[in-house]
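Coordinates in review
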Protein chains: 2
Amino acid sequence: MDPLDTMLARYADVTVRVGANVQPGQEVLVRADLGAAPLAREVVRAAYQAGARFADVLWSDDQVTLARFQYAPRDSFDVAPAWKPETLARLIDEGAALITIASEDPDLLRGQPQDLVATAQRAAARLSQPVGERISRSATNWVIVAAATDAWAAKVFPDVPPGERTARLWQAIFEATRLTRADPVSAWRTHVARLDERAATLNARRYDALHYRGPGTDLTVGLAPGHRWFSASMRSARGTPFVANLPTEEIFTMPHRGRAEGVVRSTRPKSLAGALVDDFTLTFREGRVVEAHAARGEEVLRQLIATDEGAARLGELALVPDRSPIARSGLLFYNTLFDENAACHIALGMALRFTMAGADQLDNEAFVAAGGNVSAVHADLMVGSAALDIDGITADGRAEPLLRAGEWAF
Amino acid sequence: MDPLDTMLARYADVTVRVGANVQPGQEVLVRADLGAAPLAREVVRAAYQAGARFADVLWSDDQVTLARFQYAPRDSFDVAPAWKPETLARLIDEGAALITIASEDPDLLRGQPQDLVATAQRAAARLSQPVGERISRSATNWVIVAAATDAWAAKVFPDVPPGERTARLWQAIFEATRLTRADPVSAWRTHVARLDERAATLNARRYDALHYRGPGTDLTVGLAPGHRWFSASMRSARGTPFVANLPTEEIFTMPHRGRAEGVVRSTRPKSLAGALVDDFTLTFREGRVVEAHAARGEEVLRQLIATDEGAARLGELALVPDRSPIARSGLLFYNTLFDENAACHIALGMALRFTMAGADQLDNEAFVAAGGNVSAVHADLMVGSAALDIDGITADGRAEPLLRAGEWAF
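All values derive from a computational prediction rather than experimental measurement.

Procedures and definitions
- Residue numbering note: each chain is counted from 1, following its sequence as written.
- For naming, the first written chain is A and the first written ligand is 1, with later ones following in the order written.
- At least 70 in pLDDT is required for a residue's local features to be given in this predicted model, at least 80 for side-chain atom pairs to be given and counted, and no such filter applies to totals for whole chains, interfaces and linings, which use all residues.
- The basis for every side-chain value is the complete set of heavy atoms in the structure, and neither hydrogens nor water enter the calculation.
- Only DSSP runs of H or I reaching four residues or more are called helices, and only runs of E reaching two or more are called strands; each is numbered from the N terminus.
- Only the C-alpha atoms count toward the radius of gyration. The rule for a globule is 2.2 Å times the residue count to the power 0.38.
- Residue burial is assigned from relative accessible area. The probe radius is 1.4 Å, only protein chains are included, and a residue is buried under 20% of its type maximum, exposed over 50%, and partly exposed in between.
- Throughout, a residue-residue contact means that at least one pair of heavy atoms, one from each residue, lies within 4.5 Å.
- Here the accessible surface of atoms and residues is derived via Shrake-Rupley with a 1.4 Å probe, and residues count as covered only by protein chains that are part of the display.
- A pair of aromatic rings is counted whenever rings of Phe, Tyr or Trp (Trp by its six-membered ring) have centres within 6.5 Å, and the orientation is called stacked for planes under 30 degrees apart, edge-to-face for over 60 and tilted otherwise.
- Two strands form a pair only when DSSP identifies at least two bridges running between them.
- Buried area: the accessible surface (1.4 Å probe) lost by two parts on joining, summed over both.
- Think of a salt bridge as a Lys or Arg side-chain nitrogen and an Asp or Glu carboxyl oxygen that are within 4 Å of each other.
- Gly falls in the polar group here, along with every residue not listed as nonpolar (Ala, Val, Leu, Ile, Met, Phe, Trp, Tyr, Cys, Pro) or charged (Asp, Glu, Lys, Arg).
- Note on definitions: angles span 0 to 180 degrees between N-to-C directions of axes, and those axes are lines fitted to C-alpha atoms, for helices only across the stretch in contact.
- Domain extents, as shown, originate in an automatic or database domain assignment.
- The fit set for superposing copies consists of C-alpha atoms from residues with pLDDT of at least 70 in both; the fit itself is least squares.

**Here we look at the overall build of chain A**
On a plain count of helices and strands, chain A comes out with 12 helices and 19 strands. Against the 2.2 N^0.38 benchmark of 22 Å for 410 residues, chain A shows a C-alpha radius of gyration of 21 Å, consistent with a compact globule. Split into buried and exposed, the 410 residues of chain A put 56% on the buried side. For chain A, the share of sequence-separated contacts (at least 6 apart) that also reach a separation of at least 24 residues comes to 73%. By element, 50% of the accessible surface of chain A is carried by carbon and sulfur atoms, the whole surface being about 16300 Å².

Structure below.
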């Protein structure tokens, strides 16, 4: 492996050139925690070298966040500062590209009063809704990447000596992001183009359903009419192509909320509300979870499913080959950017509207009637493994192989 | 000396309790560079412990600033991001206390194209004018403190081994800020109260002029009619007392722009536009500099004086005793917060309006007619030493001792 600063420069170049695809003359806003400063600074450098007119960083600091929970008045958590989300919305409207560096300590707020955490999260979510709305309609070119920090690395590598953990996590990130290839920018363009081809192929085939078969799994899920397959490769409202996640390994589409039959068994643990749910089985009838069992964290799983009507139904199906770099690492990253790209997954809860043609014109009622799912939650659950087969089922009932033994079969 | 984190906690407590004097239920905004993170985090903690409702940090990063000068398009420097000054103005208007941590690397932009630096500074100054206006009328309680960084320490202690410099600068800051006393908060309250008493005494005496006598110095400066003496102890528009600088050693007032006669010799070097001006002499006639000589940096000094009409006249007189902790350190900090509190100084250029009764109601023309000085610059020049005597001259011509051999004499 090359020295850390060489690899950070590569990650920054891929982030700017393939991920956000920063355009000459564009402004760039980077969101980063102080712990991600070395990567954030490289991203600023790369943005300018790509022709950015101005690149700035909106910093946050886990320790400042934590101090609030430790010391602030207990009745003060129902407000959040408006200037940060308003700045984001404003800069997006003014044309800035948005680059988010994820480096969260999964255990930062562990041990803090959970009612305060929930209250603060609700207040922040209310204020960031206008930003989320802009992101979801790709108002600008954006990307999420990741930076290793000591705290995050301690969670992923608890058994590695403390002085070596962060370097190990960086190594895992660099391997997951194909930065060890000779020309990472070119490797990423090729990789994303292949994912796009697969999505295009499935869009042309217009399957009626997918059939999952593996140890403990025999599940058929109908696809929503008008469903569309996507990779993380998108195009902004201004016409700039970008890749929203680095790494990304998935292609994904919208299931029909009323058409799931059978049983599916998890293949990786899921971190939910700070707790781990592992080795679980879900049984579906007419699209709805009717049974849920887990060797660990069953109560948390049941709470998730009971959140609302949509939380017991599917909102996303994603295909990820078992030999992707992330899957081969065998790691649980406690970070969605990696964990959702480690294996085929199904999501309970909210469907992504853009994965159904014309769904952005429908109100919630019409969307649900068309087979789309609405919920306050969206939880990716890993079901892929080297023992999973998936077939596409055509409208006339033929089965065509999509994955065999966890690998692409089309 | 106690361990660094103990001293940082003390500095933070003095900053919050004596400096900004954060009020229960108030919001707090801290401005800090990433290099000042350890102190900034302690300030957030101290703010919450003082009852702040919410404390946030608006971070900046010298390395991100530098990257712009290294890599950004050469024609892009005439704009600055508006969201930072607008956020500051907004939070001040909403009632937030403002705590600024100064930690600038004096040489950060050395070697960058000076025309770009000047263009960027003009653009930033235009945008920050509404913030400056709020600060100058004390719209909220605010304070400036300082944090040692490697880059700054390298400038102050070039002859100390690199690994020891930052600790040395912290030590100098802690001594300058009286944090080595048993009860720093109480020591600061006592110190500021004494400065306020001296200012009140001089306000009652209503001197007509000050007479400076020392090696190479024999200068009489008239005081503006309606002049008022101040310490850094102020009261915000909302009625909260605060101390705007930590450390602070000075009391200061407004000279008459047309009444300076004689010669004054510098006692400490002055860092101007990145260059050092040292061992210089200014000769005044009718308030105006008519001769300027310097053993080092004479050209830079002449450029300063030639900036505009007001740059050749005085805007501030400040009294600082020669045995203040900063003066005793003998250091040049390359930072106004310290250097202007090291010795008696006179400032060429802009006068501070609040140091003349009623001046905030005057337009520039009327202000100048009343003896106030207007200029685009304000340069503090150190003239104090253990050999300086200063007298107050009464309206009827009597001389009363204010400083003798550099120490308070009233």
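**Quick look at the packing of aromatic side chains**
In this structure the tally under the stated criterion is 21 aromatic pairs over all chains. Where Phe-230 of chain A meets Phe-354 of chain A, the ring centres are 5.1 Å apart and the plane angle is 85°; that geometry is what we call edge-to-face. With Phe-230 of chain A in the loop between strand E6 (217–223) and strand E7 (233–235) and Phe-354 of chain A in the loop between strand E15 (345–349) and helix H12 (364–369), this residue pair connects regions lying 124 residues apart in the sequence. Judged by centre distance (6.0 Å) and plane angle (55°), the rings of Trp-152 of chain B and Phe-338 of chain B are tilted. Of the two residues, Trp-152 of chain B is situated in helix H6 (residues 150–156) and Phe-338 of chain B in helix H11 (residues 336–339); the sequence distance between them amounts to 186 residues. The two residues Trp-152 of chain B and Phe-338 of chain B agree in class, both being buried.

**Notes on the pairing of strand E17 (residues 389–393) of chain A**
Residues and elements named next belong to chain A. Among the five residues in E17, five count as buried, and that is most of the element. Alternating positions in E17 separate into two faces, Asp-389, Asp-391 and Ile-393 on one and Ile-390 and Gly-392 on the other, with burial throughout. Where strand E5 (residues 209–214) lies against E17, five bridges are found, and the strand directions are antiparallel. In the strand pairing of E17, Arg-213 is matched with Asp-389.

**Let's talk about the interface of chain B and chain A**
Facing 35 residues of chain B, the contacting portion of chain A comprises 35 residues. Summed over both sides, the interface of chain B with chain A buries roughly 3100 Å², with 64% coming from carbon and sulfur. Among the residues of chain B in contact with chain A, Arg-53, Tyr-71 and Trp-83 of chain B are the three that bury the most area, contributing 21% of the side total. Inspection of the region where chain B meets chain A yields eight salt bridges. As a salt-bridge pair, Glu-86 of chain A and Arg-90 of chain B come within 2.5 Å of each other at their nearest N and O atoms. For the side of chain B that touches chain A, the secondary structure elements donating two or more residues are helix H2 (37–49), strand E2 (54–60), helix H3 (62–71) and helix H4 (83–93) of chain B. A per-element tally of the side of chain B that touches chain A places E2 of chain B first, with seven residues. Split into classes, the residues belonging to the side of chain B that touches chain A amount to 19 nonpolar, six polar and 10 charged.

**Side note on the side chain of Thr-100 of chain B**
By the element assignment, Thr-100 of chain B lies in strand E3 (residues 97–102). If near-sequence neighbours (up to four positions away) are discounted, Thr-100 of chain B is found in contact with Arg-31, Val-143, Ile-144 and Val-145 of chain B.

**So, the sheet that holds strand E16 (residues 378–382) of chain A**
In a beta sheet, neighbouring strands pair by backbone hydrogen bonds and run either parallel or antiparallel. All names here are of chain A. If you walk across this open sheet you meet the four strands as E9-E14-E15-E16, and the pairing is antiparallel. The sheet is open, and its two edges are formed by strand E9 (251–253) and E16, each paired on a single side. Across the sheet, the mean angle from the axis of one strand to that of its neighbour is 20°, orientation sign disregarded. Note that E15 and E16 share five bridges and pair antiparallel. Across the sheet, the residue bridging to His-345 is Met-382, located in E16.

**Concerning the environment of Leu-108 of chain A**
All names here are of chain A. Within the secondary structure, Leu-108 is located in the loop between strand E3 (97–102) and helix H5 (114–136). Owing to a relative accessible area of 14%, Leu-108 belongs among the buried residues under this scheme. Here the alpha-carbon distance between Leu-108 and Thr-65, two residues 43 residues apart in the chain, equals 8.9 Å. If we ignore the near neighbours within four places in the chain, the residues touching Leu-108 are Asp-62, Thr-65 and Leu-66.

**Notes on the domain arrangement of chain A**
All names here are of chain A. Looking at the assigned domains, one finds that chain A contains domain 1 (3–176) and domain 2 (206–232 + 249–408). If you average the C-alpha positions of domain 1 and of domain 2, the two centres end up 27 Å apart. In this assembly, 16 residues from domain 1 lie in contact with 11 residues from domain 2. Between domain 1 and domain 2 lies a buried interface of about 1000 Å² when both sides are counted; carbon and sulfur atoms form 72% of it. The three residues of domain 1 that bury the most area against domain 2 are Trp-152, Val-156 and Ala-176, which together make up 39% of that side's buried surface. Scanning the region where domain 1 abuts domain 2 turns up zero salt bridges.

**Re the relation of the copies chain B and chain A**
With an axial shift of 0.1 Å and an RMSD of 0.1 Å, the rotation relating chain B to chain A amounts to 180°. Interpreted geometrically, this transformation is the action of a two-fold axis. Residue Trp-59 of chain B of chain B places its C-alpha closer to the rotation axis than any other residue of that unit, at 3.1 Å. When you check the interface residues of chain B against chain A, 100% turn up at the interface there too, and the contact is symmetric in its surfaces.

**Focus: the sheet that holds strand E2 (residues 54–60) of chain A**
Residues and elements named next belong to chain A. Spatially, four strands are ordered E2-E1-E3-E4 in an open sheet, and the strand pairing comes out parallel. Pairing within the sheet leaves two strands with one partner each, and these edge strands are E2 and strand E4 (142–146). Sheet twist, expressed as the mean angle between neighbouring strand axes with direction ignored, is 20°. Two elements, E3 and E4, share five bridges in a ladder whose sense is parallel. Within E4, the residue paired with Ile-99 across the bridge is Val-143. Across the sheet, helix H4 (residues 83–93) lies against strand E1 (27–33), E2 and E3, angled at about 160° from E2, the strand it touches most.

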